[in-house]
Amino acid sequence: MLDKPQIQPAKLVDPFGREITYLRLSVTDRCDLRCTYCMAEKMTFLPKSDLLDASELEEVASAFIARGVRKIRITGGEPLVRRNIIDIMERVSKHLGHGLDELTLTTNGTQLQKHASDLVRVGVKRINVSLDSLNPETFSRITRGGRLAQVLDGIAAAQSHGLKIKLNVVVLKQDNLDELPAMIRWAHARDIDVTLIEAMPMGEIEADRFDQYTPVSDVKANLAKDWALSRDTYRTGGPSDYWRVAETGGRLGFITPLSKNFCGGCNRVRLTCTGKLFLCLGRDEDADLRAVLRSGGGLDAALIEAIGRKPESHDFRIDAPGQSPAVARHMSMTGG
Ligand code: SAM
Ligand code: SF4
């Protein structure tokens, strides 16, 4: 007898023909750091009862994977400060090789020493570590009190367990612009890729974003005066545009949401820790998946309906002092 043909559910395709294959799953809005470009100094965090629990997160992840999502990035806030983070990741990791190609994580690195071996155990191979300075004082100023040594120890621990690392560096006009070549050299000497990211106007903070923002396209042009950059075909499913630096032998990515819009190729959506699905980082369109989950069903229909409302692009702009943020929520709430 012939096997019954398996009928695959249709993929998630938005009104602009973009297939959604990448989910960023935030597990907390809390963090042990307070980066000046990400958060206000005094943040009010959500009550823990508002958060999706591990089985709800698993249910949403499974629904997305059934509809063609092949990559999930766990994020936050700082994902490694959530108490049951490894349990959550283990639940999602059951899909690896069964629809899910990659489970990964973005972290500030402070808790990596504690968690690196468990991350490897649940199938994580690569992680992004956010680090904006290698100078202890500058790092402490940017993070409002963070200890650089803790992150460097975390990176070393992750590498010793075989995790491949990419460093995410937000380019900050007044804090790290001069340090970028040294940071790139430091990372490449340790087989760590680097991605430079533009500051984005998300949420109210104390500083004026105009004083922080520098177009990464300008940074790239400056680096290219001293280094030979050649295009690298490497792709991670994210928005980074990769280059190879001849002088260091390493890989360098550029994320330019403001200076070079890449929305045409967007393949992702973001779920907050309370189950709100944001369809675009810089827009307010959302879907309350927690309400769907807690009312007992219709998750698949809710995903299809939401993707049908995905906006074409964000409208981030930082071109004058004193501008309001594009969206009221901080990156730490949306899940960067
Ligand atoms: N706490 C983790 C970390 O720092 O990697 C994960 C969450 S954090 C919100 C994710 C990424 O967003 C980090 O690389 C961080 O530097 C970046 N980020 C936060 N606020 C940003 C902003 N306003 N503009 C650009 N990047 C931002
Ligand atoms: Fe925390 Fe990450 Fe935001 Fe820094 S960027 S405050 S580490 S969530």
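Above this text you will find the structure in question.
This structure is a prediction, so every number in the text was calculated from the model and none was measured. (Residues numbered from 1 in each chain as written. Chains lettered and ligands numbered in written order. Predicted model: local features only at pLDDT ≥ 70, side-chain atom pairs only at ≥ 80, totals over all residues. Heavy atoms only, no water.)

## Here we look at the site of ligand 2
Taken together, the residues surrounding ligand 2 are Cys-31, Leu-33, Arg-34, Cys-35, Cys-38, Met-39, Gly-77 and Asn-108. Looking at the shell around ligand 2, its residues break down into 5 nonpolar, 2 polar and 1 charged. (Near = heavy atom within 4 Å. Nonpolar A, V, L, I, M, F, W, Y, C, P; charged D, E, K, R; others polar.)

## Describing the packing of aromatic side chains
Under the defined criterion, the tally for this structure stands at 0 aromatic pairs. The ring of Tyr-22 carries Lys-71 above its face, with NZ or CZ at 4.7 Å from the centroid. Note that Arg-329 overlies the ring of Phe-278, its terminal NZ or CZ placed 3.7 Å from the centroid. (Phe/Tyr/Trp six-rings, centres within 6.5 Å; stacked < 30°, edge-to-face > 60°. Lys NZ or Arg CZ within 6 Å of the ring centre and 35° of its normal.)

## What about the sheet that holds strand β1 (residues 22–26)?
With mixed pairing, the 12 strands of this open sheet are ordered in space as β7-β8-β9-β6-β5-β4-β3-β2-β1-β10-β11-β12. Taken across any chain shown, the strands that pair with only one partner, and hence form the sheet edges, are β7 (229–231) and β12 (286–288). In this sheet, adjacent strand axes meet at a mean angle of 25° when their direction is disregarded. When strand β5 (residues 164–171) meets strand β6 (residues 193–198), the two strands line up parallel, connected through 6 bridges. Residue pairing in the sheet places Val-169 in a bridge with Leu-196 of β6. (Pairing = 2+ DSSP bridges. Helix = DSSP H or I, 4+ residues; strand = E, 2+ residues; numbered from the N terminus. Axes fitted to C-alpha atoms, helices over the stretch in contact; angles between N-to-C directions.)

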